[in-house]
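Coordinate analysis (summary)
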Amino acid sequence: MDKSMELAYQLMEAIRQTDEWERIWMEYPGVVEAKAKLDEVMERVSTRIPGDLVDELWEAMGKLDWANESASVLFGARLALSVARAMKDPAAFSHCILK
């Protein structure tokens, strides 16, 4: 991994470990509802399939969570950068919108 990617990865990890991210991620109604449903389904699944497979499923879902969180943070960063660029030249931004 090159240095810029490594730095971006470290930044992503740092953002995901902040109290604010944890609060947003764990209190957002859609996430809370989805996690409750997942727990309910996995409880039923764990009685029907071998424990090793259940562990693999949890690991795969953990990786999916990480990917989703990373995508969310990246989108937020891109959005913030886009807004900052647009507001740097409000006249040009207004002109672009009028087109």
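Conventions adopted
- Residues numbered from 1 in each chain as written.
- Predicted model: local features only at pLDDT ≥ 70, side-chain atom pairs only at ≥ 80, totals over all residues.
- Heavy atoms only, no water.
- Helix = DSSP H or I, 4+ residues; strand = E, 2+ residues; numbered from the N terminus.
- Expected span 1.5 Å × (residues − 1).
- Buried < 20%, exposed > 50% of the residue type's maximum accessible area, 1.4 Å probe, protein only.
- Arc of directions from axis to C-beta.
- Polar contact = N/O pair within 3.5 Å; in protein donor to acceptor, adjacent residues only side chain to side chain.
- Contact = heavy atoms within 4.5 Å.

If you check helix H1 (residues 3-16), its first and last C-alpha atoms are 20 Å apart, about what 14 residues at 1.5 Å a residue would give, namely 20 Å. Taken together, the buried positions of H1 are Met12, Glu13 and Arg16. Projected onto a plane normal to the axis of H1, the buried residues spread over an arc of 95° and lie on a single side. Residues Lys3, Ser4, Leu7 and Leu11 are exposed on H1 and point more than 90 degrees away from its buried face. Its side-chain oxygen placed 2.8 Å from the backbone nitrogen of methionine 5, aspartate 2 serves as the N-cap of H1.

Attention now goes to the environment of methionine 1. With respect to the helices, strands and loops of the structure, methionine 1 is situated in the segment before H1. A relative accessible area of 73% places methionine 1 in the exposed class. If sequence neighbours within four positions are ignored, methionine 1 has contacts with Glu6 and Tyr9.

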